[in-house]
Amino acid sequence: MMKATIEILFDEEAVLGSPTIGKYMVRYFDEDDEEVGGSFHETILEAEAEVLDYQKTHNEDNS
């Protein structure tokens, strides 16, 4: 099962040496719990919607 998590960043925290566009970082994981990407969001509601969309899209039963 693929999943996504939300990480709350500290004020003015840099990621990979750069400032972010939002306080909430969503991390995407594959079936083996390997991180495969991420995104930044300004509100927790945007981040939550992204997590739900990622999990729904990537865990649909296509059989």
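In this text the structure is predicted, and so the values were computed from the model without any measurement.

Draft legend 1. Local environment of the pattern of salt bridges. Throughout the structure, instances matching the rule amount to four salt bridges. Across the pair Glu 35 and Arg 27 runs a salt bridge whose closest N-O atoms are separated by 2.9 Å. With a relative accessible area of 44%, Glu 35 lands in the partly exposed category. Using a relative accessible area of 24% as the deciding quantity, one classes Arg 27 as partly exposed. Across the salt bridge formed by Glu 60 and Lys 56, the nearest N and O atoms sit 4.0 Å from each other. For Glu 60, a relative accessible area of 42% corresponds to the partly exposed category.

Draft legend 2. Structural view of unusual backbone geometry. Even without being glycine, Glu 12 reaches a positive phi, approximately 60°. Tracing the chain through its elements places Glu 12 in the loop between β1 (3–8) and β2 (14–15). At Leu 16, a position not held by glycine, the phi torsion is positive, near 55°. Here Leu 16 lies in the loop between β2 and β3 (18–19). We classify Leu 16 as exposed; its relative accessible area is 86%.

Draft legend 3. Broad picture of the side chain of His 41. In this structure, His 41 sits in strand β5 (residues 35–41). In contact with His 41, other than residues within four places in its own chain, are Gly 22, Lys 23, Tyr 24, Val 26, Glu 46, Ala 47 and Glu 50.

Draft legend 4. Spatial organisation of the sheet that holds β1. The strand order across the open sheet built from three strands is β1-β4-β5, with neighbouring strands paired in antiparallel fashion. Two strands lie at the open edges of the sheet, namely β1 and β5, each paired on one side alone. Averaged over all pairs of adjacent strands, the angle between strand axes in this sheet comes to 25°, irrespective of strand direction. Sheet topology places strand β4 (residues 24–29) next to β5; six bridges connect them, and they run antiparallel. The residue bridging Met 25 from the neighbouring strand is Phe 40, located in β5.

Criteria and thresholds
The numbering scheme is per chain: residues are counted from 1 as the chain's sequence reads. Side-chain atom pairs in this predicted model are given and counted only at pLDDT of 80 or more, local residue features only at pLDDT of at least 70, and totals for whole chains, interfaces and linings cover all residues. Here the side-chain values reflect all heavy atoms present in the structure, with hydrogen atoms and water set aside. One side-chain nitrogen of Lys or Arg within 4 Å of one carboxyl oxygen of Asp or Glu is enough to make a salt bridge. Burial classes follow relative accessibility: with a 1.4 Å probe on protein chains only, a residue under 20% of its type's maximum area counts as buried, one over 50% as exposed, and anything between as partly exposed. Note on conventions: DSSP H or I runs of at least 4 residues are helices, E runs of at least 2 residues are strands, and numbering of each starts at the N terminus. Contacts are assigned to residue pairs with any non-hydrogen atoms lying within 4.5 Å of each other. Strand pairing is assigned whenever DSSP identifies at least 2 bridges connecting the two strands. Lines fitted to C-alpha atoms define the axes, with helix axes restricted to the stretch in contact, and inter-axis angles between N-to-C directions lie between 0 and 180 degrees.

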